[in-house]
Each structure stands twice: as C-alpha cells, then as structure tokens.
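Each chain, letter by letter, is given below.
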Amino acid sequence: EKAGYRHFMAKEIAEQPVVLAEALRSGGLAPTLPDVDFTGVDRVVLVACGTASYAGHVAKYWFESLAGLAAEVDIASEFRYRDPVLSEKSFAIFVSQSGETADTLAALRYAKEKVAKVLAVVNVPTSSIAREADVVLPIRAGVEVGVASTKAFTAQLLTLALLALKAGVDRGRISPEALAQRLAELQALPGLMNHTLSLGPRIAEVAEELSRAQDVLFLGRGAMFPLALEGALKLKEISYIHAEGYASGELKHGPIALIAPEVPVIVLAPRDGLFDKTVSNMQEVMARHGKVLLISDAKGVHEAGKGTWATLTLPDCPGPFAPILYALPAQLLAYHTAVAKGTDVDQPRNLAKSVTVE
Ligand code: M6R
C-alpha cells in the first residue's frame, strides 16, 4: 500500500504532482473554474482547523489580490464561540480534508442560516461537512493516510486558487488574458513540483542537522507567512521539535530575542516583490549569529545566500501561486527530520487523523 515508500507521508508527498495535474484536468482537458457565482458577494469567511486553516490563510491573500474581495480567516474552534458578524451577502467556506472535524462541522451549522451560501472544500465528498454544505468543492487528493496532512494541503490550495480566480472573473477583476495566464501558472505547478521533489536528498542532509535542534523558527512574508506556520506545525507534529512560524516583519517585535546559534531559522523567500524586506529580516538574524536556512529560487539564493548556514534552490515560480510549491520543502524538511530522529512519522504521538471531538 505504501508503493515501495517507507512511510505513507513520503508516498503522499511524492504524489502531489500527479494529484495536482489530475485535479486540474478533472473537468476535461483544460482546467475549469468552479461553478460558483460570486456576483453580489461582499465577503468570504474561511473557517478550518490546523493545516486546513493555513490553506485558508493563503487563500485570503488570493481573494484579496485576484478578486478584490474581502476575506477573513477563522479557526473553527474560535469562530463558533464568538459572535461572528455574518451577512447574507457573504459566503462561508469550510476547509477540511476529512470533512468530519467536529469544530469545523459545528461552525458550518452555526453559519448556515446566516450567510448566502456555505461552501465545503473537502477531500471526502460523502463526509458530514460535504453533506451539510450548499456547494461541495472536492479537492480530489485521494485517500490521505499520514496524520500529517501533505497532499490534501496543496490540493486544498489548488481548489481555493481556482475559486479565487472565479471570484475575480465574476467581479470583473480578471480579463480573459489574465485568466489564461493564471491558469498556465497553475498548470506549470506539477512540473515545478517534480523538480522540487528531486531536492529530497539535499533536504535530508539539512534535516540531519535540524534533527539536533530543540527549537526552530520559520519566517515568511505575505502569502509565505501561512507557509511559515504550516512548516512549523509539520515539524512539531512529526519530529516533536518545538517550532514556531512568524511573519518576518514581526521578528523584531519579540521573537528576535530567541535568536542564537543553536536555533535554526528557516526563511521562505521566493524572489518576489517582498523579497528585499524578508532578506533584511534574515540579515538581522545573521547579525545575531542566527543559523539561517534560506529557501528561495536561483536568483534569490544568488543574491542573498551568502553567510547563511544552508540554502535550498527551488525552481522559479512566477505569479501568486508560489505557496503551493513552497509547501513541498516544508513537508520534506519535517519528514526527513522525523526520519533522522526515528519518530513514528505516520502515527505521531497524541494525534489522530480526524478530530471528531471538540
Ligand atoms: O480533516 P481536517 O482537514 O478538518 O483536519 C484539520 C486538522 O486537524 C489537520 O489539518 C491537522 O492540523 C493535521 N494533522 C496537520 O498536519
């Protein structure tokens, strides 16, 4: 069942190029946008737990930048115990791999009568969350066995990217030419992912050293900030190393006090419009003898790699969808670190695949 892989997680990480390629083809030869009409919608509210909530955080950037649509993200367990202000012009989007997460389901039931439509982004189309939603958007990742979510995360991101594009089209923000370009960027992802997966042996070397750390920080800016949170969660879950993700700009508001040679800092920084700002935060870390792993593209590594502990060079990924690609090194780092530590990768202690109690 593991198809020759040592762990389900390794298999599921490796499946991502095929999962994405197939999900993009699911409606025919060319990718199709979801059948959801955003006309008149004033806001989307994304609600989820754990990794699925980080997919929601990335999608917030896309709804805002691609569709000019206000977007909020909430953790399901918080959403349901506040008095969230919802309007009948809003869509609420519930993201869940299993479709059975108790808090997410309860949040959906709370929102159902208060918003225009409830959408479910799920991997299991027969799940409770799917059954109770007005619109079901299947992510088509196939069965995910590893407790640490990997292929479901990137498949959630793809579905949310297509949804944000549909919102942009419906709101007159995306021309047919721009749409064609964005879809081409999505279609390039499986190839870029294959290239990134080939960095596995190099990532395993870096992970060997990472496995000796007690604390690790992840930094990212813009849509890479949720990826920093996801990288830290993955590492915590399966290697039991304490890790935190921060927005790079928050560094000097507290976490910089933690910088020391024995605390590796992983910087997720593609060479985009925010690169220089992130690099200047990275340099603050290095000036305090912090040990930096820079994950960027060739240009970024060339410009800023000097003085770092290590670098990982990903292929160029122009456009807004780089977070989908940068999920892979984050997953592989966690995986190889856990393997180096000898922890139970697929069944980490204290965790269940589906959290059906509050
Ligand atoms: O099935 P769901 O997507 O609703 O699950 C949500 C979280 O429990 C899940 O993403 C969890 O954080 C994973 N173990 C992360 O790897």
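Please read these numbers as outputs of a predicted model, since none were measured by experiment.

Visitor: Account for the site of the ligand, with residues named and values stated.
Guide: In the region of the ligand, 14 residues are neighbours, and Ser96, Gln97, Ser98, Thr101 and Glu237 sit closest. In the environment of the ligand, an oxygen atom lies 2.6 Å from a nitrogen or oxygen atom belonging to the backbone of glutamine 97. Valine 147 places a main-chain nitrogen or oxygen 3.1 Å from a nitrogen atom of the ligand. Counting only elements with at least two residues in the shell around the ligand, the list comes to helix H3 (50-67) and helix H10 (224-239). Looking at the shell around the ligand residue by residue, the classes come out as 5 nonpolar, 7 polar and 2 charged.

Visitor: Lay out the sheet that holds strand E9 (residues 291-297) with the relevant residues and their values.
Guide: With parallel pairing, the 5 strands of this open sheet are ordered in space as E7-E6-E8-E9-E10. Of all the strands in the sheet, the pair left with one neighbour each is strand E7 (242-247) and strand E10 (310-314). Here the strands of the sheet are splayed against their neighbours by 15° on average, with no regard to which way each runs. Here strand E8 (residues 264-268) pairs with E9 via 5 bridges, running parallel. What sits directly across from proline 264, in E9, is lysine 291. With respect to the sheet, H10 is in contact with strand E6 (215-220), E7 and E8, its orientation differing from that of E7 by roughly 175°. Along the sheet, helix H11 (residues 275-287) contacts E6, E8 and E9; its crossing angle with E9, the most-contacted strand, is approximately 160°.

Visitor: A description of the nonpolar core should follow, citing residues and the corresponding values.
Guide: A general trend in soluble globular proteins is that nonpolar side chains are found buried together. Counting 92 residues, the largest nonpolar core has Phe38, Trp62, Phe63, Ile93 and Leu186 as the members making the most contacts within it. For this core, the leading source of residues is helix H7 (residues 151-170), giving 12 residues. Beyond its immediate stretch of four places on either side in the chain, tryptophan 62 contacts Ala67, Leu157, Leu160, Ala161, Ala164, Pro320, Phe321, Pro323 and Ile324.

Criteria and cut-off values
- Residues numbered from 1 in each chain as written.
- Predicted model: local features only at pLDDT ≥ 70, side-chain atom pairs only at ≥ 80, totals over all residues.
- Heavy atoms only, no water.
- Near = heavy atom within 4 Å.
- Polar contact = N/O pair within 3.5 Å; in protein donor to acceptor, adjacent residues only side chain to side chain.
- Helix = DSSP H or I, 4+ residues; strand = E, 2+ residues; numbered from the N terminus.
- Nonpolar A, V, L, I, M, F, W, Y, C, P; charged D, E, K, R; others polar.
- Pairing = 2+ DSSP bridges.
- Axes fitted to C-alpha atoms, helices over the stretch in contact; angles between N-to-C directions.
- Contact = heavy atoms within 4.5 Å.
- Core = buried A, V, L, I, M, F, W, Y, C linked by side-chain atoms within 4.5 Å.
- Buried < 20%, exposed > 50% of the residue type's maximum accessible area, 1.4 Å probe, protein only.

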